[in-house]
Amino acid sequence: MSRQPVDRRSVLKASGALAGASVLGLLGTTPVTATDGIESTSGETEPRYDLADPESQYVEVEFTFENRDGKEVTESPSLYGEIIRPVDSNGEIVEDVPVILTYSPYNDLYQALNGGDSPAKDGIAEFFVPRGYARAQFDLIGTRNSGGYYDYGGIRERLSGAELIDALGEMDWTNGNIGMIGGSYDGTTQLAAAIEAPDHLQAIIPQVAIDRWYDYRFHGACPWDTYGTPTLFDFGFGLLPPAAVEYPDELLDSLTTRIEPGERLEHEIRSYEYDPPYDEFWTERDYRRRADRVECAVMMEAGWEDRNVKRWGTTRFYEALPDDHPKRLVVGDWGHAAGQYPDIAALYHGWFDHWLVEGVETDVMELPPVDVQSASSPRTQFETWPPADSQTLALPLVRDDPGAGELELLGTGVSTFEDGSPPIEEDGMFAERASGDDHLMFETSALEDDVRIAGRLTADLLAASDDDTWFTAVVYERRSDGSTRIFARGFWNTRFRRGIDEESPTPTDRAYRVPIECWDIDWTLEAGSRLGLVVASDNADWVRHDPDLEGTNQVVLGESALRMDAIVDDVDAPTFPNATLARDQDASVYTAGQTARVTITVEETTEEALVRDRLPDGWTVLDGDDHTITELEGATYVEFEEPLNDGESVRYYAEVPGETGDHEFGPLEYSATGELWASDADTSAAVTVLGLDTSL
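Reading the values: the criteria
- Residues numbered from 1 in each chain as written.
- Predicted model: local features only at pLDDT ≥ 70, side-chain atom pairs only at ≥ 80, totals over all residues.
- Heavy atoms only, no water.
- 1 Å grid on protein atoms, 1.4 Å probe; cavity = no way out; pocket = protein on both sides within 12 Å on 5 of 7 lines; lining within 4 Å.
- Points joined across faces, edges and corners; volume = space filled by probe spheres on them.
- Nonpolar A, V, L, I, M, F, W, Y, C, P; charged D, E, K, R; others polar.
- Phe/Tyr/Trp six-rings, centres within 6.5 Å; stacked < 30°, edge-to-face > 60°.
- Buried < 20%, exposed > 50% of the residue type's maximum accessible area, 1.4 Å probe, protein only.
- Lys NZ or Arg CZ within 6 Å of the ring centre and 35° of its normal.
- Pairing = 2+ DSSP bridges.
- Helix = DSSP H or I, 4+ residues; strand = E, 2+ residues; numbered from the N terminus.
- Axes fitted to C-alpha atoms, helices over the stretch in contact; angles between N-to-C directions.
- Contact = heavy atoms within 4.5 Å.
- Salt bridge = Lys/Arg side-chain N within 4 Å of Asp/Glu carboxyl O.
- Parallel < 35°, antiparallel > 145°, perpendicular 65-115°, else oblique.
- Disulfide = S-S within 2.5 Å.
- Patch = residues over 30% accessible without salt bridge, like charges linked within 9 Å, V, L, I, M, F, W, Y side chains within 5 Å.
- Areas by Shrake-Rupley, 256 points an atom, 1.4 Å probe, with all protein chains shown as cover.
- Lys, Arg positive; Asp, Glu negative; His and termini not counted.
- Charge placed at Lys NZ, Arg CZ, Asp CG, Glu CD.
- Core = buried A, V, L, I, M, F, W, Y, C linked by side-chain atoms within 4.5 Å.

A. Spatial organisation of empty space enclosed by the protein. Taken as a whole and judged by the stated rule, the model has five cavities of 30 Å³ or more. Of the pockets and cavities examined, the largest cavity occupies roughly 110 Å³. Contributing to the lining of the largest cavity are 16 residues, with R497, Y512, R513, G666 and P667 lying nearest its centre. Across the lining of the largest cavity, the residue classes tally to eight nonpolar, two polar and six charged.

B. Geometry of the packing of aromatic side chains. Applying the stated criterion to the full structure yields 34 aromatic pairs. With 4.9 Å between their ring centres and 65 degrees between their planes, F127 and F128 make a pair best called edge-to-face. Residue classification places F127 among the partly exposed residues on the basis of a relative accessible area of 24%. For F128, a relative accessible area of 3% corresponds to the buried category. If you follow R131 out to its NZ or CZ, it ends over the ring of F127, 3.9 Å from the centre. For K327, the ring lying beneath its charged end belongs to Y318, and the centroid distance is 4.3 Å.

C. Region of interest: the sheet that holds strand β29 (residues 579–585). An order of β29-β31-β36-β33 is seen for the four strands of this open sheet, with the pairing classed as antiparallel. Here the strands that pair on one side only, and so sit at the sheet edges, are β29 and β33 (620–624). In this sheet, neighbouring strand axes are inclined to one another by 30 degrees on average, regardless of whether the strands run parallel or antiparallel. Across four bridges, the pairing between β33 and strand β36 (residues 649–655) is antiparallel. Considered in β36, the bridge of D623 is made with Y653.

D. Representation of helix α11 (residues 312–320) in the model. Counting buried positions over the nine residues of α11 gives seven, a clear majority of the element. Restricting attention to buried positions, one finds in α11 the residues W312, G313, T314, T315, R316, F317 and Y318.

E. Seen up close, the sheet that holds strand β40 (residues 685–690). Ordered in space as β30-β40-β37, the three strands form an open sheet in which the pairing is mixed. Looking at which strands have only one partner, the edges of the open sheet turn out to be β30 (589–591) and β37 (661–665). Neighbouring strand axes in the sheet, compared pairwise and without regard to direction, differ in orientation by 35 degrees on average.

F. Molecular detail of the side chain of T102. Mapped onto the elements, T102 comes out in strand β7 (residues 97–104). Residue T102 is classed as buried on the basis of its relative accessible area of 2%. If sequence neighbours within four positions are ignored, T102 has contacts with R135, A136, Q137, F138, I181 and D186.

G. Main features of unusual backbone geometry. In this chain, W385 is followed by P386 through a cis amide linkage whose omega measures -10 degrees. Cis geometry is adopted by the peptide bond preceding P667, which originates at G666 and carries an omega value of 10 degrees. Topologically, P667 is positioned in the loop between β37 and β38 (669–671). The residue A197 is not glycine, and still its phi comes out positive at about 50 degrees. With respect to the element layout, A197 can be found in the loop between α5 (185–194) and β10 (201–207). We note that V208 has phi near 40 degrees; this positive angle belongs to a residue other than glycine.

H. Structural view of the pattern of salt bridges. Overall, the coordinates contain 46 salt bridges when judged by the stated rule. A salt bridge links R285 to D151; the nearest nitrogen and oxygen atoms lie 3.6 Å apart. Taken together, the positions of R285 in the loop between α10 (280–283) and β13 (297–303) and D151 in the loop between β8 (134–139) and α4 (155–169) put the pair 134 residues apart, joining distant regions of the chain. Each of R68, E75, D151, R156, E263, E266, E284 and R285 takes part in a single network of salt bridges with overlapping partners.

I. Looking closely at the environment of E608. With respect to the secondary-structure elements, E608 resides in the loop between β31 (595–605) and β32 (610–615). Expressed as a C-alpha distance, the spacing of E608 and P368, which sit 240 residues apart in the sequence, is 29 Å. Setting aside residues no more than four positions away along its own chain, E608 makes contact with P643, L644, N645 and S671.

J. Examining the packing of α4 against α5 more closely. Taken N-terminus to C-terminus, the directions of α4 and α5 make an angle of 80 degrees; their axes are 8 Å apart at the nearest point. Taken together, the axis directions place α4 and α5 in an arrangement best described as roughly perpendicular. Taken together, the residues of α5 that come into contact with α4 (itself represented by E157, R158, G161, A162 and I165) are Y185, A192 and A193. Looking at the contact of α4 with α5, its residues break down into five nonpolar, one polar and two charged.

K. Structural view of the state of the cysteines. Per the stated rule, a full pass over the model turns up zero disulfides. Of all cysteine sulfurs, the one in C518 lies closest to C222, which takes part in no disulfide; the gap is 12 Å. Accessibility expressed as a relative area gives 1% for C222, which makes it buried.

L. Fine view of the pairing of β31. Relative to β31, β29 runs antiparallel, the two sharing seven bridges. Bridge pairing links T580 to E604 in β31. When β31 meets β36, the two strands line up antiparallel, connected through seven bridges. Residue T601 lies in a different strand from β36, and its bridge partner there is S649.

M. View of a negative patch on the surface. A grouping of E39, E44, E361, D363, E366 and E383 is seen on the molecular surface, where their side chains present a negatively charged patch. For E39, the position within the fold is in the loop between α1 (8–27) and β1 (50–51). The class for E39 is partly exposed, based on a relative accessible area of 40%.

N. Region of interest: the nonpolar core. Counting 111 residues, the largest nonpolar core has F138, L457, F471 and F487 as its most contacted members. Considering each element in turn, this core owes the most residues, seven residues, to strand β21 (residues 451–465). In this structure, A394, A609, Y670 and A678 belong to the second largest nonpolar core, which totals 30 residues.

O. Spatial organisation of the pairing of β8. Within β8, six of the six residues are buried, which leaves the element mostly enclosed by the surrounding structure. Sheet analysis places strand β5 (residues 78–84) next to β8, joined by four bridges and oriented antiparallel. Pairing of I84 across the sheet is with R135, part of β8. Bridge analysis of β7 against β8 gives six bridges, and the strand direction is parallel.

This is the structure in structure tokens:
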């Protein structure tokens, strides 16, 4: 049996077939119609230079980090790049210029798409180099001509990017100011470097970027149905042999690291798990949790219709940056692509002129910082995200005689559904306007006025299951002509009900909270339309099917709701607080007969909130601030009677039961009126009881 030789061209062709959808989408854009009244700006630099020929260059970087075994590691890879600098009318290279950098794994593909020309010769170079900038395109560590190990968003990408930025900023022909731009992985490397706060990084424009790699592979601990990453990079771009033959020594180093297995196996195992704990592997690749370390100005871009990198990677990183940080948010009606507003190039120009060119100031930071448009909402500029004039509404899920602002169960009187195998597809959910054996469908009555949902959506369910399962929430609009449009989705794995960092068994003897966070959205529901919600377990269109899911699930009506940030002048639905709670448990191990002390604090809330805690079985409240004890669906709650504001606390004392074992408090819940409750998912507490029968 003969074997075909594997060369760069054949591997690149195969890799390009997988990567092309995302990369090509970033190279070509279609303008979106502008909206009257939108504030915009541009830069001040004018074209006055030509483009020099691309310069190939290796930059050796050195960084030290502590690996997950606690050992200090120092690495010194050489990073390859190509730089285009401006030349004046005499053919002289212009110095003292800022640099716009892209740190990319895609440069092999870019060069192929560029007809073999330098990947640095792109639209960014054509626009900015004549205006006095240098354009730099460098290969990501472990790809193409760069040495080192490909690290799938990990510490090497963070530190090598930061070191590269400072090395470029120290070159004597620059003015010391480095900016970055690029989309998809090229946007992600910007966030990876920015959280390391390199001295010379002044401004970035991450487009459709990953801010938390766990979210790129999973949603609520449910695995996405995509397979391209990390396999594409570990065995595609990360294994392509180097091509820059004019650098034999550096290429030998690059080739050696291609042969070494590195951590490819770990990347593959961790990225395709069914039940993935958010542990040290993923925290290393979580840039959002380190957003407060960013020092440069940040313009985040995303598309509401992006199926590849979900838009909350942009909106949530933007929110994680401090309120007084120099930042902008641009999200529009496009998919996995760079910004497509007709004035977007002018905004980039104003952004980089303002932050990178000495002595130039534009009014880009005077614009409203949030600039959003969707298929159903006009382009609008806000001062905050979510918009300051949005309110959180809670729409209860009910069975019969729904009132205004309630979602009615359609097509059945039973609020149970089965885990399906094969799993339900979204076409099956909407085949009829009714619930089925494998899903529940809820809708409001026809809306009297437009409602603009702008911000977060959460399907906060009280549910019961007889086995481990997943939950899917599909949020849609049913228009007056009967057509439907899905605009948000969310997923949740019951084995991680305490939070994605802690796997625990699904309780089968009582109801439990299912807080399904959906992607952030900007969507206007037209007057006369209906807001709808489908609840199922699996969703064959979005997540990989787990064949072990085969249980029965129930949604407790009246105790479950769809919560959303909405802009509306007058709507007959209860407003609801957005609250963050904290628990102070005086111990994690108790002896039978002891008294446990539990303090609940409202850290932040948009309006005063009532709070409650779920007690483990067998525990008895002895004393505490004014409270009542409530029994609900097999669980016991201690509910406090006085509402709390920011920073206020309540406390109770509970007697430890006599039986040895593990027990679980919570999660904590909050309410506006005491009629409808929402959970703060990360506030459970697991404790151990040493019973009277314990012998030492």
